[in-house]
Amino acid sequence: MVPTAPTRRSLLSPSWLLTSCGTLLLIGLCPSAALGQQPQGQPAAPAQTSQLTPQQQAALDQLLNAWEARNARVTTWSCTFYKWEYNAWSPADAAGERLAFSESTGEIKYAAPDKGLFRVKSSKQWNPEKRQYESRPSGTGEHWVCNGSSIYEFRHPERQLRETKLPPEMQGKAISEGPLPFVFGAKAATLKKRYSMRIITPSGVTDQVWLEALPRFQVDAANFSKVELILQTADLMPFAIQIYKPGGQDRDVYQFDPRTSLIDRGLDLIRDFSRPLTPLGYTFIEEQASGG
């Protein structure tokens, strides 16, 4: 059963988080988008956040260090995710609350340190003329695979399967140093360098930890203006993530279904991260990534 699409208000409501069956993701951003774009150089606009007290900073440091230690122990992970996209074309309910413009279901897989898979299996999108949701054609959702030496990305509108070969100095880094390192191999020092972070767990919530992250560098700010991440306190695995696009209005919400979460079991490293077959009618394109 797919969870009910969350609204802006309900995502930040503990009742929705405690009754929903849960998920996240990640990322949804193909690692090839970040190749050659390290978080250095021009800073983003100053983040509008209050200064942390010494106690708040200590709690954040403790959490990030524990999270890094937990990530270091995970060798493989797979999970079903749900995704809701909100934008200017989203419909509204009777109370005027914005609903999702599109809803998707898919899978995410990871093998330390540099293998990953992200695939949307099914989705539906709002048709403003018919005032109803319509299913998208199967096999046209976002899909990429990284085997550590290459990134394979399906570009369905162009009917292409594109392979980006990674130079030696970038192998092992395409996942953990991608646009959103909140799922794959998060490291405390990297997170604190790239983002202004604080704990925002609502009062009364005891089985989750909520984090807010604002980008410090323009290269990250070009992808998002803010991220809200929820970890499960039991195992510090991701539960949900909300990504605000630049401008702060459009946003994507991901959930990971804990019922499908498999840690350190269930993956075939050869089968799950091998080069995908080129679909009939698609063109295979090979290119070399630039280092730097």
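Residues numbered from 1 in each chain as written. Predicted model: local features only at pLDDT ≥ 70, side-chain atom pairs only at ≥ 80, totals over all residues. Heavy atoms only, no water.

(A) Spatial organisation of the overall build of the protein chain. The secondary structure content of the protein chain amounts to 6 helices and 14 strands. At a minimum sequence separation of 6, the contacts of the protein chain that also span at least 24 residues come to 63%. As presented, the protein chain carries roughly 14,000 Å² of accessible surface, and 51% of it is formed by carbon and sulfur atoms. (Helix = DSSP H or I, 4+ residues; strand = E, 2+ residues; numbered from the N terminus. Contact = heavy atoms within 4.5 Å. Areas by Shrake-Rupley, 256 points an atom, 1.4 Å probe, with all protein chains shown as cover.)

(B) Geometry of the side chain of Glu228. In this fold, Glu228 is placed in strand E10 (residues 226-232). Judged by its relative accessible area of 9%, Glu228 is buried. A polar contact is formed between the side chain of Glu228 and the side chain of Lys226, at a distance of 3.4 Å. Looking at Glu228, its side chain comes within polar contact range of the side chain of Gln242, at 2.7 Å. (Buried < 20%, exposed > 50% of the residue type's maximum accessible area, 1.4 Å probe, protein only. Polar contact = N/O pair within 3.5 Å; in protein donor to acceptor, adjacent residues only side chain to side chain.)

(C) Spotlight on helix H3 (residues 54-73). The end-to-end C-alpha distance of H3, which contains 20 residues, comes to 29 Å, matching closely the 28 Å that a straight helix rising 1.5 Å per residue would cover. Taken residue by residue, H3 has Leu60, Leu63, Leu64, Trp67, Arg70 and Asn71 as its buried positions. End-on view of H3: buried residues confined to an arc of 125 degrees, all on one side of the axis. Facing away from the buried surface of H3 by more than 90 degrees, the exposed residues are Pro54, Gln55, Gln62, Ala72 and Arg73. For H3, the elements touching its buried residues are helix H4 (188-194), strand E8 (195-199), strand E9 (208-215), E10 and strand E13 (262-263). (Expected span 1.5 Å × (residues − 1). Arc of directions from axis to C-beta.)

(D) A look at the pattern of salt bridges. Overall, the coordinates contain 18 salt bridges when judged by the stated rule. When the shortest N-O distance is used, the salt bridge between Lys109 and Glu107 registers 3.8 Å. Two residues, Lys121 and Glu107, come together in a salt bridge whose shortest N-O distance is 3.9 Å. Placement of the pair is Lys121 in strand E3 (residues 115-127) and Glu107 in strand E2 (residues 102-111), with a sequence separation of 14 residues. (Salt bridge = Lys/Arg side-chain N within 4 Å of Asp/Glu carboxyl O.)

(E) Spotlight on unusual backbone geometry. In this structure, Pro113 follows Ala112 across a cis peptide bond, with omega equal to 0 degrees. Structurally, the position occupied by Pro113 is in the loop between E2 and E3. The phi dihedral of Arg131 falls on the positive side, at around 55 degrees, and the residue is not glycine. Residue Arg131 is classed as exposed on the basis of its relative accessible area of 54%.

(F) Focus on the confidence of the model for the protein chain. Summing up the model confidence of the protein chain, the mean pLDDT is 82 and the portion of residues at 70 or higher is 78%. Confidence drops under pLDDT 50 across residues 7-29; counting only partners more than four residues distant or on other chains, this segment forms 93 contacts. (pLDDT = per-residue confidence, 0-100.)

(G) Focus on the environment of Glu212. Among the structural elements, Glu212 can be located in strand E9. By relative accessible area, which is 7% here, Glu212 ends up buried. Residues Glu212 and Arg198, 14 residues apart in the sequence, show an inter-C-alpha distance of 5.5 Å. Within the structure, Glu212 has its side chain in polar contact with the side chain of Arg198 (distance 2.7 Å).

(H) Representation of the pairing of E10 in the model. A large share of E10 lies buried, amounting to 5 of its 7 residues. Bridge count between E9 and E10: 6 bridges; the pairing is antiparallel. Looking across to E10, one finds that Trp210 is bridged to Ile230. Judged from the 6 bridges that link them, E10 and strand E11 (residues 238-244) form a sheet pairing that is antiparallel. From the neighbouring strand, Ile230 faces E11, where its bridge partner is Ala240. (Pairing = 2+ DSSP bridges.)

(I) Fine view of the pairing of strand E12 (residues 251-256). When you tally the buried positions in E12, you get 6 out of 6 residues, the bulk of the element. Alternating positions in E12 separate into two faces, Arg251, Val253 and Gln255 on one and Asp252, Tyr254 and Phe256 on the other, with burial throughout. By the bridge criterion, 6 bridges tie strand E1 (residues 76-86) to E12 in an arrangement that is antiparallel. Bridging from a neighbouring strand, Glu85 pairs with Asp252 of E12. Pairing analysis gives 5 bridges linking E11 to E12, with the strands arranged antiparallel. Each bridged residue has a counterpart across the sheet, and for Ile241 the counterpart in E12 is Tyr254. Here E11 hands over to E12 after 6 residues, with Gly247 in that stretch at a positive phi of 105 degrees.

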